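Survey of secondary and tertiary structure
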2 protein chains.
Amino acid sequence: MFSVGIDIGGMSIKVGLVDDCGKIIAQSRFRTEKTPDDMIKCMAEHISNLIDDNSLDVKDMLGIGIGCPGSVNGDTGMVEILPNLDGWIKIPIVAKLQNFFDVPIKISNDANVAALAEVLYGVAKDYDNAIMFTLGTGVGGGIILDKKLVEGGHSLGAELGHITLVLEGEECTCGRKGCIERYVSATALIEQTKCAMLADKNSAMWDFVNGDIDKVDGRTAFESAKKGDLTAKKVCDKYLFYLGESILNMLNIFRPDVFILGGGISAQGKYLTDRLQDYCEKFEYGYKMSPRTEIVTATLGNDAGIIGAAALLKQ
Amino acid sequence: MFSVGIDIGGMSIKVGLVDDCGKIIAQSRFRTEKTPDDMIKCMAEHISNLIDDNSLDVKDMLGIGIGCPGSVNGDTGMVEILPNLDGWIKIPIVAKLQNFFDVPIKISNDANVAALAEVLYGVAKDYDNAIMFTLGTGVGGGIILDKKLVEGGHSLGAELGHITLVLEGEECTCGRKGCIERYVSATALIEQTKCAMLADKNSAMWDFVNGDIDKVDGRTAFESAKKGDLTAKKVCDKYLFYLGESILNMLNIFRPDVFILGGGISAQGKYLTDRLQDYCEKFEYGYKMSPRTEIVTATLGNDAGIIGAAALLKQ
């Protein structure tokens, strides 16, 4: 038996066959430059081809899970909107794909799916309760309690990036102000880094990007701070403060066993997690009687999308 | 068959027998001026007396549920700390009460228990998913998903009052700064009201309290605003903004069917909920595609503690 995991991204769509142990048997991908209907047709073709190429039988397919970068309604099987993909508004993706395969098909948000993968097969596989932030262009959130995905009503919740961190703070794409996403996403870190560089022309961060501010990325401040640059260190300190406060909020709501950081910034590993661990233990609610929440970085990387999508069938 | 609900408060402990429909059959109470051991003994005596007085049989008792005003560990049956009651630190309340009655005994935080009561038998009984704020001295939180209480790991989560609303804001008793509790509790509203009155000696709020600022309570600003006092209206507007932002955060995490406001301030009814409903619909995440969350006030009042505690047995 195997499941299919589909990982819809902004640039490409990945299709994978996943075995019962969460291992990817085979995968392929195609670009997103198509209409939604054509993309769905393409998903079906890729599934069929992968099954044929690997000498598998479609009768052994448990079902299809899809991780989508946007708002999806798990109850209706409807994509509400994928902001970074043209035409993906109110698309009944489950019904449309069911025209090709009469199997159970489940959809969820991409961040939920990544969290599910990490808890079932990745860094958090020894834990039951986990919260995950995916620190990328935005901030995605995933909530796992008792090894089950908690998506909120109609599977439309878990928008953990859209909680205010700074009341009346910076404007967010969601229409509110001061959302977590505006302070702890990779995009936000890059803005904070650039701002600090413009204020300090002598910072070693300029050397890191060969004098070209357009080359600043999520590593610039961290790598320069490790080499002792004080301005970079200040950027990191502030960023870690924002992230620490955001994590603490989640700990006080969910008291998870483990808090997972995913996305590019998580490559900073223990440089990130050691300091966040200290910060969170210092301020956690409950008069120091709360059990410790382990703060870790994701381990499945880009495979989490396919693996987690396929794991939706097990929910 | 019946269950026992125990509602531990700062001043008194209420014990009630509750039928299968969530109706209180009988209740009694005693004051908290005792050691924890004596209080637990007293709980047992009250249970036995209520059973005898109502000609019931202890064999028909399904179990005992206890709502506690503080941190409790549902896994271990241990009260971690009840900050407003002397001596209640690390008390194995379940084990101790089990010496008197060999029945299932469950404990939870009082705000969780109130939310459970409202969803099973009160204002939210037609809904599956609900979040509740209890606006009192502090802010308690309750999370109900699919009619089940979500307490977080070790039943120590759902501290919804201890999420930052204002980064680096006012100091909170929990050790952090800017928690929701410091802006939307009754205590906070009273502070905000007093502060506005001191800045405007002509405000009608002074008449409402007969010139005695110590008589300010959670109604002062609301009642004066309804009569047209502009300073009171500003206090209410700001308070509703804080509360609206706090609620929006919960909607984006849980997308509940209903959001319940409990505690004294909820007596403001539709004056409170109509404006919060408008505010939340304006800023809710998801490009206006999110299903509406009904904002309502609690209906079970003081009975919620006993009813919800007894309902823990049904979880």
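Values in this document were obtained by computation on a predicted structure and should not be read as measured data. (Residues numbered from 1 in each chain as written. Chains lettered and ligands numbered in written order. Predicted model: local features only at pLDDT ≥ 70, side-chain atom pairs only at ≥ 80, totals over all residues. Heavy atoms only, no water.)

**What to know about the packing of helix α8 (residues 230–254) of chain A against helix α8 (residues 230–254) of chain B**
Running from amino to carboxyl end, α8(A) crosses α8(B) at an angle of 75°, the nearest separation of the two axes being 13 Å. Put simply, α8(A) runs roughly perpendicular to α8(B). Along its contact with α8(A), which presents Met250(A), Ile253(A) and Phe254(A), the element α8(B) presents Met250(B), Ile253(B) and Phe254(B). When its residues are assigned to classes, the contact of α8(A) with α8(B) shows six nonpolar, no polar and no charged. (Axes fitted to C-alpha atoms, helices over the stretch in contact; angles between N-to-C directions. Helix = DSSP H or I, 4+ residues; strand = E, 2+ residues; numbered from the N terminus. Parallel < 35°, antiparallel > 145°, perpendicular 65-115°, else oblique. Contact = heavy atoms within 4.5 Å. Nonpolar A, V, L, I, M, F, W, Y, C, P; charged D, E, K, R; others polar.)

**Re the interface of chain B and chain A**
Contacts between chain B and chain A engage 46 residues on the former and 46 residues on the latter. Buried surface at the junction of chain B and chain A, both sides included, amounts to about 4,000 Å², of which 62% is carbon and sulfur. Summed over the shared surface of chain B and chain A, the number is two salt bridges. Listing elements by their share of the side of chain B that touches chain A, those giving two or more residues are β6 (78–81), β7 (89–91), β10 (139–145) and α8 of chain B. A per-element tally of the side of chain B that touches chain A places α8(B) first, with ten residues. By residue class, the composition of the side of chain B that touches chain A is 25 nonpolar, twelve polar and nine charged. (Buried area = accessible area lost by both parts, 1.4 Å probe. Salt bridge = Lys/Arg side-chain N within 4 Å of Asp/Glu carboxyl O.)

**Remarks on the sheet that holds strand β9 (residues 130–135) of chain A**
Residues and elements named next belong to chain A. As summarised here, the arrangement of the five strands in space is β11-β10-β9-β12-β13, forming an open sheet in which the pairing is mixed. Edge positions in the sheet fall to β11 (148–149) and β13 (294–297), since each of these pairs with one other strand and no more. Pairing analysis gives five bridges linking β9 to strand β12 (residues 258–262), with the strands arranged parallel. What sits directly across from Ile 131, in β12, is Phe 259. (Pairing = 2+ DSSP bridges.)

**With respect to the environment of Leu165(A)**
Residue position: Leu165(A) is located in the loop between β11 and α4 (181–184). When its relative accessible area of 0% is taken as the criterion, Leu165(A) is described as buried. Here the alpha-carbon distance between Leu165(A) and Ile247(A), two residues 82 residues apart in the chain, equals 11 Å. For Leu165(A), the residues in contact, after removing those within four places along its chain, are Gly178(A), Cys179(A), Ile180(A), Tyr183(A), Tyr242(A), Glu245(A), Ser246(A), Thr164(B), Leu165(B) and Leu167(B). (Buried < 20%, exposed > 50% of the residue type's maximum accessible area, 1.4 Å probe, protein only.)

**Considering the environment of Gly308(A)**
The residue Gly308(A) is located in helix α10 (residues 304–311) in this model. Sequence-distant contacts of Gly308(A), defined by excluding residues within four places in its chain, comprise Val113(A), Leu116(A) and Ala117(A).

**Topic: the packing of aromatic side chains**
The geometry of an aromatic ring pair is captured by the separation of the ring centres together with the interplanar angle, meaning the angle of the planes. Considering all chains together, one arrives at 15 aromatic pairs over all chains under this definition. Judged by centre distance (6.2 Å) and plane angle (90°), the rings of Phe241(B) and Tyr279(B) are edge-to-face. Of the two residues, Phe241(B) is situated in helix α8 and Tyr279(B) in helix α9 (residues 270–283); the sequence distance between them amounts to 38 residues. Summarising the burial analysis for this pair, Phe241(B) and Tyr279(B) share the class buried. Within the aromatic cluster, the residues linked to one another by ring pairs are Tyr183(A), Phe241(A), Tyr242(A), Tyr279(A) and Phe283(A). The cationic tip of Lys226(B) hangs over the ring face of Tyr271(B); the distance from NZ or CZ to the ring centre is 5.2 Å. (Phe/Tyr/Trp six-rings, centres within 6.5 Å; stacked < 30°, edge-to-face > 60°. Lys NZ or Arg CZ within 6 Å of the ring centre and 35° of its normal.)

**What about the relation of the copies chain B and chain A?**
Least-squares fitting of chain B to chain A yields an RMSD of 0.0 Å, with the superposition described by an axial translation of 0.0 Å and a rotation of 180°. Such a combination of turn and shift is consistent with a two-fold rotation axis. Closest to the rotation axis within chain B is the C-alpha of Val166(B), separated from it by 2.9 Å. An overlap of 100% is found between the interface residues of chain B and their copies at the interface of chain A, pointing to a shared contact surface. (Least-squares fit on C-alpha atoms with pLDDT ≥ 70 in both.)

**Some points on the confidence of the model for chain A**
The predicted model of chain A has a mean per-residue pLDDT of 95, with 99% of residues at 70 or higher. Taken over the whole predicted complex, pTM reads 0.94, whereas the ipTM for its chain interfaces reads 0.93. (pLDDT = per-residue confidence, 0-100.)

**Comments concerning unusual backbone geometry**
All names here are of chain A. Although it is not a glycine, Glu 168 sits at a positive phi angle of roughly 60°. Here Glu 168 lies in the loop between β11 and α4. Classification of Glu 168 as exposed rests on a relative accessible area of 52%. With a phi close to 40°, Arg 255 is a non-glycine residue in the positive phi region. Relative accessible area serves as the criterion here: at 1%, Arg 255 is assigned to the buried category.

**Regarding the nonpolar core**
Among the nonpolar cores identified, the biggest contains 100 residues, and Phe133(A) and Phe133(B) are the most heavily contacted of them. With residues near it in sequence (within four places) discarded, Phe133(B) still touches Val139(B), Gly140(B), Leu160(B), Ile180(B), Leu243(B), Ser246(B), Ile247(B), Met250(B), Phe259(B), Ile260(B), Leu261(B) and Gly262(B). (Core = buried A, V, L, I, M, F, W, Y, C linked by side-chain atoms within 4.5 Å.)

**Here we look at the pattern of salt bridges**
This structure, assessed with the given rule, holds 28 salt bridges over all chains. Here Glu33(A) ties to Arg31(A) by a salt bridge, and the two come within 3.5 Å at their closest N and O atoms. Put simply, Glu245(B) and Arg176(A) hold a salt bridge, and the shortest N to O gap is 2.9 Å. Remark: Arg176(A) occurs in the loop between β11 and α4 and Glu245(B) occurs in helix α8; the pair is interchain, linking two chains. Grouping residues by exposure puts Glu245(B) and Arg176(A) together as buried.

**With respect to the state of the cysteines**
Taken as a whole, this structure holds zero disulfides over all chains when the rule is applied. Residue Cys68(B) stays outside any disulfide, its sulfur separated by 16 Å from that of Cys42(B), the closest cysteine. (Disulfide = S-S within 2.5 Å.)

**Brief notes about the sheet that holds strand β3 (residues 24–31) of chain B**
Residue and element names in this part refer to chain B. Read across the sheet, five strands follow the order β3-β2-β1-β4-β8 without closing on themselves; strand pairing throughout is mixed. A strand with exactly one partner marks an edge of an open sheet, and here the two such strands are β3 and β8 (105–109). Strand-to-strand twist in this sheet, taken as the mean axis angle between neighbours without regard to direction, amounts to 15°. In this sheet, strand β2 (residues 12–19) lies alongside strand β1 (residues 2–8) in antiparallel orientation, the contact comprising seven bridges. Bridge pairing in β2 places Gly 5 opposite Gly 16. Along the sheet, helix α1 (residues 36–53) contacts β1, β2, β3 and β4 (61–68); its crossing angle with β3, the most-contacted strand, is approximately 150°. Relative to β1, helix α10 (residues 304–311) is tilted by about 130°, and along the sheet it contacts β1, β2, β3 and β4.

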